[in-house]
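One-letter residues, chain by chain:
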Amino acid sequence: MTWLAWTLAMALSMAAADPPVTYLPNATNSRIVTVTLDGPAQARVVVQTHGAAIKETGPKETVAAFGEVYAFSPATIVVHRDEPTRIEFWNLQDDDDHDFMLWDSRRDVMMKVLLPALKKTSFVFTFHKEGLFDFLCAMHQPAMGGQILVLPPPR
């Protein structure tokens, strides 16, 4: 799904008051990355959501100029090709959902999932292709984003 198609789908789903569009990689994208809800993992990464500038705590000038600003921490995740890695997302905000959207080098969306407020959500990622993959929270872009660097398998 391209970025434009995804944006249109999101706008239509929000206008219809439907739940947000969420999905894991399809068969084509699974040649790049396989994502499962559970299963064995050889590595683990915890990614937390942080409010850098939010209406409750400010700074007020920043919120007025930019709106609320959130971030993933860490924003750079390093994994090895063909090594199942559990990535656990901790949404630390009590009143804001986030999402995680992963795309390929052509900017086609491969995965989009909801990260509900005050919840831990985890997936086992197995990348089958080396490279750099961008991700973001579509609800709080452009600041809330990052990259997954996929290295060759360890020797």
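Our structure's up above, just so we're on the same page.
Note that the coordinates shown come from a computational prediction; the quantities given were computed from them, not determined experimentally.

A. Structural view of the pairing of strand β8 (residues 120-127). With respect to burial, β8 is a largely interior element, six of its eight residues being buried. Relative to β8, strand β1 (residues 33-36) runs antiparallel, the two being bridged by four bridges. Bridge pairing in β8 places valine 33 opposite phenylalanine 127. Pairing analysis gives six bridges linking strand β5 (residues 85-90) to β8, with the strands arranged antiparallel. Paired with threonine 85 across the bridge in β8 is phenylalanine 125.

B. Local environment of the nonpolar core. By size, the foremost hydrophobic cluster in this structure holds 27 residues, and its most contacted members are Phe100, Leu102, Phe125, Phe127 and Ile148. The dominant element in this core, judged by the number of residues it contributes, is strand β7 (residues 109-115), at four residues. The residues touching phenylalanine 100, leaving out its near neighbours within four places in the chain, are Phe89, Met111, Lys112, Val113, Leu115, Phe125, Phe135, Leu136 and Ile148. Counting five residues, the second-largest nonpolar core is a separate cluster that includes Met101, Trp103, Val109 and Leu136.

C. Structural view of unusual backbone geometry. Here glycine 58 and proline 59 are connected by a cis peptide whose omega angle stands at 5 degrees. Considering the arrangement of structural elements, one finds proline 59 in the loop between β2 (43-53) and α2 (60-66). Here glutamine 141 and proline 142 are connected by a cis peptide whose omega angle stands at 5 degrees. Following the sequence through the fold, proline 142 ends up in the loop between β9 (131-136) and β10 (145-151). Here the phi dihedral of aspartate 82 falls at roughly 65 degrees; this positive angle occurs in a residue that is not glycine. Secondary-structure assignment places aspartate 82 in the loop between β4 (76-80) and β5. The class for aspartate 82 is partly exposed, based on a relative accessible area of 41%. Despite not being glycine, arginine 107 has its phi angle at roughly 70 degrees, a positive value. Within the fold, arginine 107 resides in the loop between β6 (98-103) and β7.

Parameters at a glance
Residues numbered from 1 in each chain as written. Predicted model: local features only at pLDDT ≥ 70, side-chain atom pairs only at ≥ 80, totals over all residues. Heavy atoms only, no water. Buried < 20%, exposed > 50% of the residue type's maximum accessible area, 1.4 Å probe, protein only. Helix = DSSP H or I, 4+ residues; strand = E, 2+ residues; numbered from the N terminus. Pairing = 2+ DSSP bridges. Core = buried A, V, L, I, M, F, W, Y, C linked by side-chain atoms within 4.5 Å. Contact = heavy atoms within 4.5 Å.

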